[in-house]
Amino acid sequence: MYHKIKHEVLRIKKMIDDLYPYQYIDITPINNWEFFQNGKSFEVSVGFEWEYKPFPVVFRKKLKIPHDYYGEFWFGGETLIKIDGNPYGEINEYHKEIDLSFIADGKEHLFEAETVPYNLFGTPSKKTIFKRANLIKINHDMRKLIRYFIGISQLIEISKNDSLNDELSSLINLTFHKIDIPHKTSEYLSSINNSPNLYNQLSSVWSRPKFEKFNGMNIDVSEALNFLEINLKKLHKKYPKIGNVYVVGHAHIDYAWLWPIEETKRKIKRTFSNATLLAKKYPYFTFIQSSPQMYEDIKNDINLFDQIKKLSDKGMWDPNGGMWVESDTKIPSIESLIRQFYYAQKFFKENFGKYSNVCWLPDVFGFSWILPQIAKQAGVKYFFTTKLTWNEKNEFPYDICYWHGIDGSKILYHSFNNPKEGYNGHLDAECVLKTFNNFRNRNIFDGTLLTYGYGDGGGGPSEIHMIDFEVTNNLPYVPNLISTTGSKFFETLNNDIKNKEIPIWDNELYFEFHRATHFSQLKTKKSHKKLEDELFFTEYILALENKSSKRLEKSWKVLLTREFHDIIPGSSIKEVYEESESSLQKEIENCKGIISEELEISNEAVLVNYGNYSSDNYFITDKPFKLPSQKTYDGKYLYSISPLNKFSNKKLEKGKPYIQKKKSDKTYNLENNNYFVEILKDGIKVYDKKKKRSLFKDKGNILMIYDDVPLAWGAWDIDYNYKYFGEKLEIKDIKIVEDGIFRKVIRTYYEYDGTDIMQYISLVKDSKRIDIKTVVNWNLRKKLLKVLFPVDVLSRYARFDISGGYITRPVHKNTSYEKAMFEVYMHRWMEISEPDFGVAILNDGIYSASVDHNVLGLSLIHGPVYPDLKADEGKHEFLYSIMSHSNNLEEIYVESERLNKPLRILNKKIKIVDKFIDFSPLKVISVFKAKNRLIIRLVEVEGKRGLCDFNIKFDYKKVYLSDILLDNLEEIKSSKFHYKPFKIYTIIFEL
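**Student:** Kindly report on the nonpolar core, identifying the contributing residues and their values.
**Tutor:** Phe-272, Phe-341, Phe-383, Leu-785, Phe-789 and Leu-858 are the most contacted members of the largest nonpolar core, which has 193 residues in total. Sorting elements by how many residues they give to this core places helix 10 (residues 334–352) first, with nine residues. In this structure Phe-341 touches Gly-322, Met-323, Cys-359, Leu-371, Ile-374, Ala-375, Ala-378, Val-380, Ile-964 and Leu-965, once residues within four positions along its chain are discounted. By size, the runner-up hydrophobic cluster in this structure holds 41 residues, among which are Ile-158, Leu-164, Ile-219 and Ala-224.

Rendered as structure tokens:
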């Protein structure tokens, strides 16, 4: 080969430019379309520009399709093509042609194009112009030949094999010589309009030339194609293929992101129609789609859904993912994650006759340690992601491993690293070879998975992918392509590695990016948690009354859908959060409405403890009861009571409260029998009176404002260097707003560049918590508000609640892995301890934390500008608490539960019970009735094992242990069963 590699590749590209126009044998314009928008219709032709709103618009025409013809269209944006009223295929920037041969039956068909003025990634069309409508006849041999030239040029560029490159270069020359391209000036120039690279190059010269419209030409390249394929096969012997790449079509459709959910539903139909069309043409086409919610969205389109079911039966379409949507796994509670799998698996079984076997999460921003156990109990044995290949600093060490969950459950993990568009892969030589070369576990297995097709905004595979499947398989040296599905691939992998030593990863899968998604779009996060809590309460109250409601399933599915990995993390556009907050609030009201309708109203009030531990010794309400009380700063009553047992309730006597006053001490201190708290201008000092030691090194509750300039994505990220650019806030005003015999509250006020922060620091008599309610009126962009707690404790590790147990993380930064974990997720608490003393920070809906040696931090709010320019602007309320403990996790869980499940009042006739259920020491995470069964779900959260001897206040016939799908029942003959650390237990009582 004479040229340098880069010059040889450039030369081949010039050949391709000359070949490109002759993919088309005939190009015939289609004119005179009927256009529909906003209830009006009129006739239009190519060149028509339409208004952006309202949309979608519709172009309609009756067509008789000649044999072996395609359509080539651009209507001004993403388009669903319907034939005779049924979805047929799609048009977008990567799918501008559509095979119409299936309706070339000599009859007229109604052709409809339903178009939105946006492209795949939610980008508005620059101009909504109807640019193109042609019937085209394709020279399939020429198109295939072009894909060979592209594949060979890629192979020359990356193979690093000089002798192979020489032979490929020579073969290209000989093949090109066999093609008779017109070179007469008039004929050659007429083709330039359909050669994109040449057209763009020549259009940039000073006197921009005009080119004639190209109408197609039939050039016979069958001899050249045959010559090329025969000689490529000969090269296989000298340069054999290396390994395997298992491929499956994929269209990653974000359920919302840079577009709202209503547009996603249109994307689903367009993408699924495209996939079913490809399946008709290519017997080696396979496709995986993970989310039952998306199937639910198109179920009413019976024709499309039936096609998908038939393809599933043939093994070409893999409905496989395990979860209701490709959910975030860090913000949802353990029960929410369980319901993700429960509703998904039941849907898959009911509609496709089988459960998923793969947890399919290519794009999720890190993975909770509780996930493997939940997946395993749902019948899911395998786990797939590509996200950890994005890591900012450290490579995740394995492409194949067993991922061990917090309880010891294991699932088989696989990932691939495709440097060319990740999970939106291609099947050309470059993508296949680079992905295979990046595969690090060839000692374990002969190849890697690769998903192909345009994604994020949907679209999926194109015909070019299918041609490349054949072309790449015919090239020497590159790996074999094996068509598969997610299910088949993992079964093959699992069977092949059974007797091999497989690496183990026993921890969370921490993603070294997108750390700010723990605290972006806070209103949606807060509404999400409120609905989680409301669902627990509603199901519990109905179960207490031996009732159930089918309407709760809808509420659960609304919640689960908003847990999608670009919704709940906060990385979508503002329209997504307007819809999400509205939908979540509606389901919160639905839960309240179910209780209102299902239970008889009563003049009596009932106080309900629906928590796992005894309640606080007080409750707050604006209703009057005959109880000792004091007026609160916000006009309510704080009532003193004897704590209620777990899952208990009692009647309250309405009447005038017994308000007892005390003289204020007028100092900015708080004190009870546990703590002495001193409020300072830039934090608080807390002294544990029983342990006789301070909680903080000097002070805690230090409010800090930092610059927020992330490395890459605004709403997604917080940068490692933020901590070097911070300002400590100081109190502008302080006031005692409440001082009674039961509680004292001090309000502090801070101000920073137009943002107001008020804190209400309170301490209740006998309480083990110092509660801090923080009200922020946020008016800052690209700033971050954190609160720091420099704890006076020496420990190398801190513990963080992850809903179904806790995770221990290092506080030091000895390694690059530890440095990368500068922001972590948590649920209701974090703590750091010495053997006999520790400090915990609790919260009722904050998910982001940091630990740097002895300094614990909470990230409260920031102000990104992309993709929502004013994300989190306005008023927010946070509640967190400080407590000391004796290195006793139960103390922390007790106070955390009290903070998150305060006593509630119902004006309903309900059963008065004391400890309706008691499964100590296991924690109840859901109680609900289904038909003639009462289901109670439990989890061990402290890492202990033992014997649970449960005590319940209802009659039952039999009791069973089951998995989370309520399958695989094992009868319990007594009220006792053994439990293990961090295990989930589902108990079914047959009533």
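Next comes the rest of the description.
**Student:** Give a detailed account of helix 12 (residues 429–438), specifying residues and quantitative values.
**Tutor:** Those residues of helix 12 that sit buried are Ala-429, Cys-431, Val-432, Leu-433, Thr-435 and Phe-436. Buried residues in helix 12 make contact with helix 2 (140–158), strand 11 (244–250), strand 18 (447–452), helix 13 (463–474) and strand 19 (480–483).

**Student:** Describe empty space enclosed by the protein, naming the residues involved and giving the relevant values.
**Tutor:** Inspection of the entire model under this criterion finds six cavities of 30 Å³ or more. For the largest cavity, the calculated volume is near 420 Å³. In this structure, the largest cavity is lined by 24 residues; those nearest its centre are Ser-333, Asp-533, Ser-803, Lys-901 and Lys-923. When contributions to the lining of the largest cavity are tallied by element, the ones reaching two or more residues are helix 10, helix 15 (522–544), helix 19 (889–900) and strand 48 (923–930). At five residues, the largest contribution of residues to the lining of the largest cavity is made by helix 15. Taken together, the residues of the lining of the largest cavity sort by class into seven nonpolar, seven polar and 10 charged.

**Student:** Break down the environment of Trp-403 for me, citing the residues and quoting the values.
**Tutor:** Here Trp-403 shows up in strand 16 (residues 400–404). With 386 residues separating them along the chain, Trp-403 and Phe-789 place their C-alpha atoms 33 Å apart. Engagement of the side chain of Trp-403 in a polar contact is seen with the backbone oxygen of Asn-507, the distance being 2.7 Å.

**Student:** Could you give an account of unusual backbone geometry, naming the residues involved and the relevant values?
**Tutor:** In this chain, Lys-53 is followed by Pro-54 through a cis amide linkage whose omega measures -5°. For Pro-54, the location among the structural elements is in the loop between strand 3 (40–44) and strand 4 (57–64). Following Tyr-866, the chain continues to Pro-867 via a peptide bond in cis, the omega torsion being 5°. With respect to the element layout, Pro-867 can be found in the loop between strand 44 (855–862) and strand 45 (874–885). Of note, the phi angle at Asp-68 is positive, near 65°, even though the residue is not glycine. Position of Asp-68 among the secondary structure elements: in the loop between strand 4 and strand 5 (70–74). A positive phi angle is found at Asp-84, which is not glycine, with a value near 55°. With respect to the element layout, Asp-84 can be found in the loop between strand 6 (79–83) and strand 7 (86–91).

**Student:** Tell me about the sheet that holds strand 55 (residues 984–990), and please be specific about residues and values.
**Tutor:** Read across the open sheet, the five strands follow the order 48-49-55-52-53; overall the sheet is antiparallel. Strand pairing shows two members of the sheet lacking a second neighbour, strand 48 and strand 53 (970–971), which therefore form its edges. Strand direction decides the pairing type here: strand 49 (residues 933–939) and strand 55, joined by seven bridges, are antiparallel. What sits directly across from Val-939, in strand 55, is Ile-984. Running at roughly 60° to strand 48, helix 15 makes contact with strand 48 and strand 49 of the sheet.

Rules and cut-offs
- Residues numbered from 1 in each chain as written.
- Predicted model: local features only at pLDDT ≥ 70, side-chain atom pairs only at ≥ 80, totals over all residues.
- Heavy atoms only, no water.
- Core = buried A, V, L, I, M, F, W, Y, C linked by side-chain atoms within 4.5 Å.
- Buried < 20%, exposed > 50% of the residue type's maximum accessible area, 1.4 Å probe, protein only.
- Helix = DSSP H or I, 4+ residues; strand = E, 2+ residues; numbered from the N terminus.
- Contact = heavy atoms within 4.5 Å.
- 1 Å grid on protein atoms, 1.4 Å probe; cavity = no way out; pocket = protein on both sides within 12 Å on 5 of 7 lines; lining within 4 Å.
- Points joined across faces, edges and corners; volume = space filled by probe spheres on them.
- Nonpolar A, V, L, I, M, F, W, Y, C, P; charged D, E, K, R; others polar.
- Polar contact = N/O pair within 3.5 Å; in protein donor to acceptor, adjacent residues only side chain to side chain.
- Pairing = 2+ DSSP bridges.
- Axes fitted to C-alpha atoms, helices over the stretch in contact; angles between N-to-C directions.

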